[in-house]
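Residue-level structure breakdown
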Amino acid sequence: MANLELRGIRKRYSGAKETIKGIDLEIKDGEFVVFVGPSGCGKSTLLRMIAGLEDITGGDLLIDGTRANDIGPAERGLAMVFQSYALYPHMTVGENMGFSLKLAGVPKAERQEKVLEAARVLQLEKLLDRRPRDLSGGQRQRVAIGRAIVRKPKIFLFDEPLSNLDAALRLQMRVELAALHKELGATMIYVTHDQTEAMTMADRIVVLNAGRVEQVGSPLDLYHHPKNLFVASFLGSPGINLLEGKVTRLDRTGLDITLRHGGPISVPVKSGGLRIGDTATLGIRPENLRVEEAGPLSGKVLLTEHLGGLTYVHVKLKSGETVIMQSEGSEPLRPGDELNLAFVFETCQVFHQDGQALEHINRHELVAELEASSSAK
Ligand SMILES: Nc1ncnc2c1ncn2[C@@H]1O[C@H](COP(=O)(O)OP(=O)(O)OP(=O)(O)O)[C@@H](O)[C@H]1O
Ligand SMILES: [Mg+2]
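A short tour of the structure in this document, coming up. (Residues numbered from 1 in each chain as written. Chains lettered and ligands numbered in written order. Predicted model: local features only at pLDDT ≥ 70, side-chain atom pairs only at ≥ 80, totals over all residues. Heavy atoms only, no water.)

When you line up the elements, G42 lands in the loop between β3 (32–36) and α1 (43–51). When the C-alpha atoms of G42 and P107 are compared, they prove to be 39 Å apart, with 65 residues separating the residues in sequence. When near neighbours in sequence (up to four residues on either side) are disregarded, G42 contacts T19 and I20. (Helix = DSSP H or I, 4+ residues; strand = E, 2+ residues; numbered from the N terminus. Contact = heavy atoms within 4.5 Å.)

This part covers the sheet that holds strand β5 (residues 66–67). A sheet is described by the order of its strands in space; here 4 strands give the open sequence β2-β1-β4-β5, paired in antiparallel fashion. Looking along the sheet, the strands with just one partner apiece sit at the ends: β2 (18–27) and β5. Pairing geometry for strand β1 (residues 4–12) and β2, over 7 bridges, is antiparallel. Counted as the bridge partner of R12 is E18 from β2. Of the strands in this sheet, β1, β2 and β4 (58–63) are in contact with α1, which crosses β1 at around 120 degrees. (Pairing = 2+ DSSP bridges. Axes fitted to C-alpha atoms, helices over the stretch in contact; angles between N-to-C directions.)

Looking now at the nonpolar core. Counting 45 residues, the largest nonpolar core has M97, I145, I149, F158, L177, L180 and Y190 as its most contacted members. At 5 residues, the largest contribution of residues to this core is made by helix α4 (residues 137–149). Each residue touching F158, except ones within four places of it in the same chain, is listed here: L47, V81, I145, L177, M188, I189, Y190 and V191. L46, A51, I56 and L157 belong to the second-largest nonpolar core, a separate cluster that totals 28 residues. (Core = buried A, V, L, I, M, F, W, Y, C linked by side-chain atoms within 4.5 Å. Buried < 20%, exposed > 50% of the residue type's maximum accessible area, 1.4 Å probe, protein only.)

The topology assignment puts D159 in strand β7 (residues 155–159). Of the side chains with opposite charge, R48 comes closest to the buried, unpaired D159, at an N-O distance of 6.6 Å. Only 2.7 Å separates the side chain of D159 from the side chain of S44, close enough to count as a polar contact. Beyond its immediate stretch of four places on either side in the chain, D159 contacts S44, L47, M80, V81, F82, Q83 and V191. (Lys, Arg positive; Asp, Glu negative; His and termini not counted. Salt bridge = Lys/Arg side-chain N within 4 Å of Asp/Glu carboxyl O. Polar contact = N/O pair within 3.5 Å; in protein donor to acceptor, adjacent residues only side chain to side chain.)

A few words now on the sheet that holds strand β20 (residues 349–351). The strand order across the open sheet formed by 5 strands is β13-β12-β11-β14-β20, and the pairing between neighbours is antiparallel. Of all strands in the sheet, those with a lone pairing partner are β13 (262–267) and β20, marking the two edges. Going from strand to strand, the sheet's axes swing by 40 degrees on average, the running direction of each strand aside. Strand direction decides the pairing type here: strand β11 (residues 241–251) and strand β12 (residues 254–259), joined by 6 bridges, are antiparallel. Considered in β12, the bridge of G245 is made with L259.

Here the focus is the packing of aromatic side chains. In this description, an aromatic ring pair is defined by two values, namely the gap between the centres and the angle between the planes. For the structure on display, the rule yields 6 aromatic pairs. Measuring from ring centre to ring centre gives 5.7 Å for F32 and Y190, while their planes differ by 45 degrees; the resulting arrangement is tilted. In this pair, F32 sits in strand β3 while Y190 sits in strand β8 (residues 187–191), placing the two residues 158 residues apart along the sequence. When its relative accessible area of 0% is taken as the criterion, Y190 is described as buried. On the basis of an interplanar angle of 65 degrees and a centroid distance of 5.0 Å, the ring pair of Y88 and F99 is categorised as edge-to-face. A residue pair is termed long-range when its members are at least 10 positions apart, and Y88 in the loop between β6 (78–81) and α2 (93–103) and F99 in helix α2 qualify at 11 residues. Take Y88: its relative accessible area is 33%, and that puts it in the partly exposed class. Taken together, the ring pairs connect F32, F156, F158 and Y190 into an aromatic cluster. (Phe/Tyr/Trp six-rings, centres within 6.5 Å; stacked < 30°, edge-to-face > 60°.)

Now for unusual backbone geometry. Comment: phi is negative for the bulk of residues other than glycine, and the bulk of peptide bonds are trans. Across the junction of S237 and P238, the peptide omega takes the value -5 degrees, indicating a cis bond. Among the secondary structure elements, P238 is positioned in the loop between α8 (229–234) and β11. That bond from G263 to P264 is cis: its omega, 5 degrees, falls within 30 degrees of zero. We note that K152 has phi near 45 degrees; this positive angle belongs to a residue other than glycine. With respect to the secondary-structure elements, K152 resides in the loop between α4 and β7. At E160, a residue that is not glycine, the phi angle is positive and equals roughly 45 degrees. When you line up the elements, E160 lands in the loop between β7 and α5 (167–184). Note on E160: relative accessible area 14%, which makes it buried.

Between α2 and helix α3 (residues 108–121), whose axes approach to 9 Å, the crossing angle comes to 130 degrees. What the angle tells us is that α2 and α3 run oblique. In this structure, the crossing between α2 and α3 has a hand that is right-handed. Across the interface between the two elements, G94, M97, G98, L101 and K102 of α2 pack against R111, K114, V115, A118 and A119 of α3. Its residues assigned to classes, the contact of α2 with α3 comprises 5 nonpolar, 2 polar and 3 charged. (Parallel < 35°, antiparallel > 145°, perpendicular 65-115°, else oblique. Left-handed = near helix turned anticlockwise from the far one by under 90°. Nonpolar A, V, L, I, M, F, W, Y, C, P; charged D, E, K, R; others polar.)

The next subject is the site of ligand 1. Neighbouring ligand 1 are the residues Y13, T19, S39, G40, C41, G42, K43, S44, T45, E160 and H193. The contact in question runs from a nitrogen atom of ligand 1 to an N or O atom on the side chain of Y13, over 3.3 Å. At 2.8 Å from an oxygen atom of ligand 1 is found a side-chain nitrogen or oxygen belonging to S44. Computed on the free molecule, ligand 1 has an accessible area of 640 Å², of which 57% lies beneath the protein chains in the complex. A per-element tally of the shell around ligand 1 places α1 first, with 3 residues. Looking at the shell around ligand 1, its residues break down into 2 nonpolar, 7 polar and 2 charged. (Near = heavy atom within 4 Å. Areas by Shrake-Rupley, 256 points an atom, 1.4 Å probe, with all protein chains shown as cover.)

Right under this line is the structure:
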């Protein structure tokens, strides 16, 4: 069992402003939770407070229901893997992996058994006698994870463990870490800047911003139902397209937004206090845009980026705003081409002037409500 609970956690480094401004979060046994957020928002600080490497200024940290604020890092049953894996260069892979057990006074036979077990999980058995300098980056990273595994921690904490690796190795390690999580069934908290890692590995993503939690949820929930502009813009690569407009119709089925150039666009969202004439922002994911003669957005191609399986087409709209369309395969468009873009209105997001996303209307509820009101007449 390894549940983790953060209650009103705060951090102020001496002489500095508050870095972590009150975080409440529950992480369940066996969960894979990913922290994302802009540089400097406090991800590493939060992880280090959980690990016991930083004092907690305020609030309570509970591990399996026991307050752990004042428990030393070694006694918390956690292991942390950093971006810079800092292996001991003069020790073999096996010695590196077993070193913490040696320090803890674990007898040699037991140590060897645990190292072998970790090496099997990480496919390092054939490399146990090598020195770190004779390993690839991915192999070194696996040794660093091996050092954590041998201690049989209840909770693994990873701070951008793959960011030093090239793209192919990252992909391989991502798959291996996901398999490792399955095999060990351990609770894992993982910090990353990589969108794909966050989306593919997480059971739940925690989006942090300036020391606060913006939203917590499953990757697809956050992608499709962001609470606000910050979360919508943070997740997705290329990012969500944002177009400014004015509300020109409002009723119980949704609202119309007339863009600076194009529209009205009818979206089934609740008004969230908006009135006719108010400014609102329409959010359209790049994969939702397509070329269509009768589409409501007119513009000119600025640039096409061919990724092989996908093409990103940057389009400058007549309003002066730029959007990115993602299409499958190789799009034959060229810079300067004029086109119209269409999209499915229902899947768009609408944001209030204050940045909050407007809630989508549940079609079934609306139909039931309309039926109830018509039968009452
Ligand atoms: N030891 C320290 N003393 C004072 N301020 C610190 C200390 N460590 C971090 N900070 C500050 O706390 C804030 C959060 O830092 P932190 O390292 O947690 O950010 P992060 O989200 O991990 O960023 P990155 O994505 O760049 O790694 C930053 O403004 C940083 O300058
Ligand atoms: Mg960091």
